[in-house]
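Structure assessment
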Amino acid sequence: MEAGGTAAGNGGHATYEKLIALLDERGAAYRVLDHAPEGATEAVSALRGNTLAQAAKCIIAMVKIGKKEKRFALAVVPGDRRIDLAAVKALYGGTYVSFASPEIAEELAGSPSGTILPFAFDERLELIVDPDLLDHAELYFNAARLDRSLALSTEDYRAIAEPRVERVSTV
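Residues numbered from 1 in each chain as written. Predicted model: local features only at pLDDT ≥ 70, side-chain atom pairs only at ≥ 80, totals over all residues. Heavy atoms only, no water.

1. Here we look at the overall build of the chain
- Within the chain one finds five helices and ten strands.
- Computed over its C-alpha atoms, the radius of gyration of the chain comes to 15 Å, within 12% of the 16 Å expected for a compact globule of 171 residues.
- Oriented by its inertia axes, the alpha-carbon framework of the chain measures out at about 45 × 40 × 30 Å.
- Sequence-distant contacts in the chain: of pairs separated by 6 or more residues, those separated by 24 or more amount to 69%.
- Accessible surface computed for the chain: about 8,300 Å², of which carbon and sulfur atoms make up 49%.
- On the chain, the mean spot of the 19 positive side-chain charges and the mean spot of the 25 negative ones are 7 Å from each other. (Helix = DSSP H or I, 4+ residues; strand = E, 2+ residues; numbered from the N terminus. Rg over C-alpha atoms; globule rule 2.2 N^0.38 Å. Contact = heavy atoms within 4.5 Å. Areas by Shrake-Rupley, 256 points an atom, 1.4 Å probe, with all protein chains shown as cover. Lys, Arg positive; Asp, Glu negative; His and termini not counted. Charge placed at Lys NZ, Arg CZ, Asp CG, Glu CD.)

Spelled out as structure tokens, the structure:
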């Protein structure tokens, strides 16, 4: 690791510390879950013991609006679903949509792929959460690191993250 690297470059530990400080400051109910390093939703859910429907799968999409404007959306969907890129494109009235490149996604998220948080700490990123993820008392996600996850009260998540709630998943 380089000294003075980006949050993604240092494995997301700065982003992890920022998240924990925010949750503690707001009095959120959460549990820290240490586990073997894993970024795939299905595998890490098995390690944590949560259902796939409770896992927050976080994907950054890039939407082009006309020829000059680009927007980035952090779409958070249940782990047993896929992101519906067409739905994300429609929300913005976009002309084109794709997954953001890994480099751009990691820069915007402040953590490596597989550890992206369901929180948007970069103003260029709009947080959009599928309503089905919010049906559970807790949601689970890798906490900007492959070896640590959080189980967070869904009520606290909604209050702190203030996501835009839209249907952005498909089976």
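That shown, we press on.
2. A short note on the nonpolar core
- Core analysis: the biggest nonpolar cluster contains 33 residues, and Leu23, Ile60, Leu74, Val76, Phe119, Phe141 and Tyr157 have the highest contact counts within it.
- The set of elements that each furnish at least two residues to this core consists of helix H1 (13-25), strand E2 (56-65), strand E3 (69-78), helix H4 (102-109), strand E6 (125-129), strand E7 (138-145), strand E8 (148-153) and helix H5 (154-161).
- Residues within four places of Val76 in sequence aside, it is in contact with Ala56, Lys57, Cys58, Pro118, Leu127, Ile128, Val129, Asp130, Leu133, Tyr157 and Val168.
- Core analysis: the second largest hydrophobic core is formed by twelve residues, Ile59, Ile83, Val88 and Tyr92 among them. (Core = buried A, V, L, I, M, F, W, Y, C linked by side-chain atoms within 4.5 Å. Buried < 20%, exposed > 50% of the residue type's maximum accessible area, 1.4 Å probe, protein only.)

3. Observations regarding the layout of surface pockets
- Approximately 380 Å³ is the volume found for the largest pocket.
- Along the wall of the largest pocket there are 22 residues; nearest its centre are Cys58, Ile59, Ser113, Gly114 and Ile116.
- For the lining of the largest pocket, the secondary structure elements donating two or more residues are helix H2 (41-48), E2, H4 and E7.
- A per-element tally of the lining of the largest pocket places E2 first, with five residues. (1 Å grid on protein atoms, 1.4 Å probe; cavity = no way out; pocket = protein on both sides within 12 Å on 5 of 7 lines; lining within 4 Å. Points joined across faces, edges and corners; volume = space filled by probe spheres on them.)

4. Thoughts on H4
- Considered for burial, the residues of H4 that qualify are Ala105, Leu108 and Ala109. One side of H4 carries all its buried residues, which in axial view fall inside an arc of 90 degrees. In H4, the exposed positions angled more than 90 degrees off the buried face are occupied by Glu103 and Glu107.
- Against H1, E2, E3 and E6 lie the buried residues of H4.
- Within two residues after H4, Gly110 carries a phi angle of roughly 75 degrees, on the positive side. (Arc of directions from axis to C-beta.)

5. Things to note about the pattern of salt bridges
- Under the defined criterion, the tally for this structure stands at eleven salt bridges.
- Close ionic contact of Asp34 with Arg148 constitutes a salt bridge, the shortest N to O distance being 2.6 Å. Taken as a pair, Asp34 in strand E1 (residues 30-34) and Arg148 in strand E8 lie far apart in primary sequence, 114 residues in all.
- Looking at Asp34, the relative accessible area reads 53%, which means it is exposed.
- Owing to a relative accessible area of 18%, Arg148 belongs among the buried residues under this scheme.
- We note a salt bridge from Arg71 to Glu126, for which the minimum N-O separation is 3.9 Å. With a gap of 55 residues between them, Arg71 in strand E3 and Glu126 in strand E6 connect regions that are remote in the sequence.
- Glu126 sits in the partly exposed class, given a relative accessible area of 22%.
- Via salt bridges that share partners, Arg71, Glu126, Arg164 and Glu166 belong to a single interconnected network. (Salt bridge = Lys/Arg side-chain N within 4 Å of Asp/Glu carboxyl O.)

Geometric values such as these leave the question of function open.
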